[in-house]
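Coordinates in review
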Amino acid sequence: MDLAIDTFDQPTSSAFLDAIECLITGVSGIVLDAAVKGVLCLQITPSLSDYYGFGATGLAINLAELPRQLGDAFTEERYHQMQKALGDYLLPSSADGMLPAERIATLLLQATP
């Protein structure tokens, strides 16, 4: 994997994600955009927290749990797992019946003191 630095005339998350193979992020909703684009997402999270559930659903890999060899993360199987996880995350769950935006809003409200 090569490292490249690109500049964008009109920066958008879509243009950015089209230009990369792997995204390293903190706790951010850009994980969903990355999954839609098929971009592997590595997440740096405090105290191994999984605030939005992206790790638990397979949408992101926590850097602390990164495979021993980074190449193990870039597989066709991983891509298919991520696409399935995206569908599972975006579709209403039979367990809670909430849409993703409702789920995120609920999490935010629970975290507010």
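Residues numbered from 1 in each chain as written. Predicted model: local features only at pLDDT ≥ 70, side-chain atom pairs only at ≥ 80, totals over all residues. Heavy atoms only, no water.

1. A few points about the pattern of salt bridges
Scanning all chains against the criterion turns up one salt bridge. With a closest N to O distance of 3.0 Å, Lys37 and Asp18 form a salt bridge. Within this pair, whereas Lys37 is found in helix H2 (residues 30-37), its partner Asp18 is found in helix H1 (residues 13-18), the two being separated by 19 residues in sequence. We classify Lys37 as partly exposed; its relative accessible area is 36%. (Salt bridge = Lys/Arg side-chain N within 4 Å of Asp/Glu carboxyl O. Helix = DSSP H or I, 4+ residues; strand = E, 2+ residues; numbered from the N terminus. Buried < 20%, exposed > 50% of the residue type's maximum accessible area, 1.4 Å probe, protein only.)

2. Re the sheet that holds strand S3 (residues 61-62)
What holds strands together in a sheet is hydrogen bonding between their backbones, with the strands either parallel or antiparallel. A sheet is described by the order of its strands in space; here three strands give the open sequence S1-S2-S3, paired in parallel fashion. Every other strand in the sheet has two partners, leaving strand S1 (22-25) and S3 as the edge strands with one partner each. Of the pairings in the sheet, the one linking strand S2 (residues 40-43) to S3 comprises two bridges and is parallel in character. Pairing of Leu42 across the sheet is with Ile61, part of S3. Its contacts with the sheet place H2 against S1 and S2, and it is angled at close to 175° to S1. (Pairing = 2+ DSSP bridges. Contact = heavy atoms within 4.5 Å. Axes fitted to C-alpha atoms, helices over the stretch in contact; angles between N-to-C directions.)

3. A closer look at the nonpolar core
Judged by nonpolar contacts, the single largest core of 16 residues is most densely connected at Leu23, Val31, Leu32, Phe54, Leu59 and Tyr89. Excluding residues that lie within four positions of it along the chain, Leu23 makes contacts with Phe16, Leu17, Ile30, Ala34, Val39, Leu40, Cys41 and Leu42. (Core = buried A, V, L, I, M, F, W, Y, C linked by side-chain atoms within 4.5 Å.)

4. Description of H2
If you check which residues of H2 are buried, you get Val31, Leu32, Ala34 and Ala35. Along H2, the residues classed as buried sweep out an arc of 160° about the axis, all on the same side. Two residues or fewer after H2 comes Gly38, characterised by a positive phi angle close to 75°. (Arc of directions from axis to C-beta.)

5. Concerning the pairing of S2
The side-chain alternation of S2 yields two buried faces, one formed by Leu40 and Leu42 and the other by Cys41 and Gln43. Two elements, S1 and S2, share four bridges in a ladder whose sense is parallel. Bridge pairing in S2 links Ile24 to Leu42.

6. Topic: the pairing of S1
The alternating pattern of S1 places Leu23 and Thr25 on a buried face and Cys22 and Ile24 on a face that is not buried. Handedness of the S1-H2-S2 crossover: right-handed. (Right-handed = clockwise from strand over helix to strand, strands pointing away.)

7. Examining the confidence of the model for the protein chain
Mean pLDDT over the protein chain: 75, with 65% of residues reaching 70 or higher. Of all secondary-structure elements in the protein chain, the lowest mean pLDDT belongs to helix H5 (residues 100-111), at 67, while S1 reaches the highest, 89. (pLDDT = per-residue confidence, 0-100.)

8. A short note on the side chain of Gln43
Residue position: Gln43 is located in strand S2. Assessed through its relative accessible area of 5%, Gln43 is described here as buried. Of the polar contacts made by the side chain of Gln43, one reaches the backbone oxygen of Gly26; its length is 3.3 Å. In this structure Gln43 touches Thr25, Gly26, Val27, Ser28, Val31, Asp50, Phe54, Ala60, Ile61, Asn62 and Leu63, once residues within four positions along its chain are discounted. (Polar contact = N/O pair within 3.5 Å; in protein donor to acceptor, adjacent residues only side chain to side chain.)

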